[in-house]
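# Coordinate analysis (summary)
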Amino acid sequence: MSTPKVVTFHYTLKDSKGTQLESSFGDEPMSYLEGVGQVIPGLEDQMHGLNKGDKKMISVKAADAYGEVEKDMIVQVPRAQLPKKDIVVGDQFHADSGNGHVQVVTVTGVNDTHVTVDGNHPLAGQDLNFDVEVVDVRDATKDEIEHGHAHGPGGHHHH
Ligand code: ZN
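Below you will find a few notes about this structure. By convention here, each chain's residues receive numbers from 1 onward along its written sequence. Totals for whole chains, interfaces and linings use every residue, but because this is a predicted model, local features are given only for residues with pLDDT of at least 70 and side-chain atom pairs only at 80 or more, for both listing and counting. Hydrogens and water are ignored here; the side-chain numbers use all heavy atoms of the structure.

### Describing the side chain of Arg138
What counts, and what does not: Counting from the N terminus, the helices are the DSSP runs of H or I reaching at least four residues and the strands are the DSSP runs of E reaching at least two. Exposure classes here rest on a 1.4 Å probe applied to the protein chains alone. A residue is buried below 20% of its type maximum, exposed above 50%, and partly exposed in between. Under the rule applied, a polar contact is a pair of N or O atoms within 3.5 Å (in protein, one hydrogen donor and one hydrogen acceptor; residues adjacent in sequence only if both atoms are side-chain atoms).
Residue position: Arg138 is located in strand S9 (residues 128-139). Assessed through its relative accessible area of 15%, Arg138 is described here as buried. Within polar-contact distance, the side chain of Arg138 engages the side chain of Glu144 at 3.0 Å.

Listed below in structure tokens is the structure:
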């Protein structure tokens, strides 16, 4: 089995209409360890095999990005069950998803008796476009492989 790679890259993320959502240019580049799901699958698949200095435009369908919007993740909660009284659209809460994981939910609607909360990722259902520039590709260190994530430049521990 060959050593997995750690890929460091800059990216600009745009939605399907071309609106910029995020960019790492001018900031710290992002690093990921291949094969562990540190970045969305559609991005990792299309970056596989790129070399230092390569630039690529990558389109990722929603299903290979943050998934489709799941209707059963959008629920109505009686206001009385929520700890906070003054709730507005856009508020975010940490909620117990019932299987031991904590998820972030976003308030998408409020009326007199109920609050609508959406547990989908904010980018669920969206096709995404990335402009990537590969800063570095190197073999993962033993620590990184054991930890299952990328460390800083050169594999130095930074957490
Ligand atoms: Zn670590």
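### Describing the sheet that holds strand S5 (residues 74-78)
Through backbone hydrogen bonds, the strands of a sheet pair up, either in parallel or in antiparallel fashion. Our working rule: For two strands to be treated as a pair, DSSP must find no fewer than two bridges joining them. Between N-to-C directions, angles span 0 to 180 degrees; the directions come from axes that are lines fitted to C-alpha atoms, helices contributing only their stretch in contact.
With antiparallel pairing, the four strands of this open sheet are ordered in space as S5-S8-S7-S6. Looking at the sheet topology across the chains shown, the edges are occupied by S5 and strand S6 (92-96). With strand direction ignored, the average angle separating the axes of adjacent strands in the sheet is 45°. Where S5 lies against strand S8 (residues 114-118), five bridges are found, and the strand directions are antiparallel. Counted as the bridge partner of Ile74 is Asp118 from S8.

### Comments concerning the packing of aromatic side chains
For clarity, the cut-off: Here the aromatic set is Phe, Tyr and Trp, taking the six-membered ring for Trp, and pairing holds for ring centres within 6.5 Å; pairs whose planes are under 30 degrees apart are stacked, those over 60 apart are edge-to-face, and all others are tilted.
For the structure shown, the criterion picks out three aromatic pairs. On the numbers, 5.8 Å between centres and 45° between planes, the contact of Phe9 with Tyr11 is tilted. A connected cluster of aromatic rings, assembled from ring pairs, spans Phe9, Tyr11, Tyr32 and Phe130.

### Some words on the environment of Lys142
Tracing the sequence through the fold places Lys142 in helix H2 (residues 142-147). Note on Lys142: relative accessible area 63%, which makes it exposed. Once the C-alpha coordinates of Lys142 and Gln76 are considered, the two residues, 66 residues apart in sequence, prove to be 47 Å apart.

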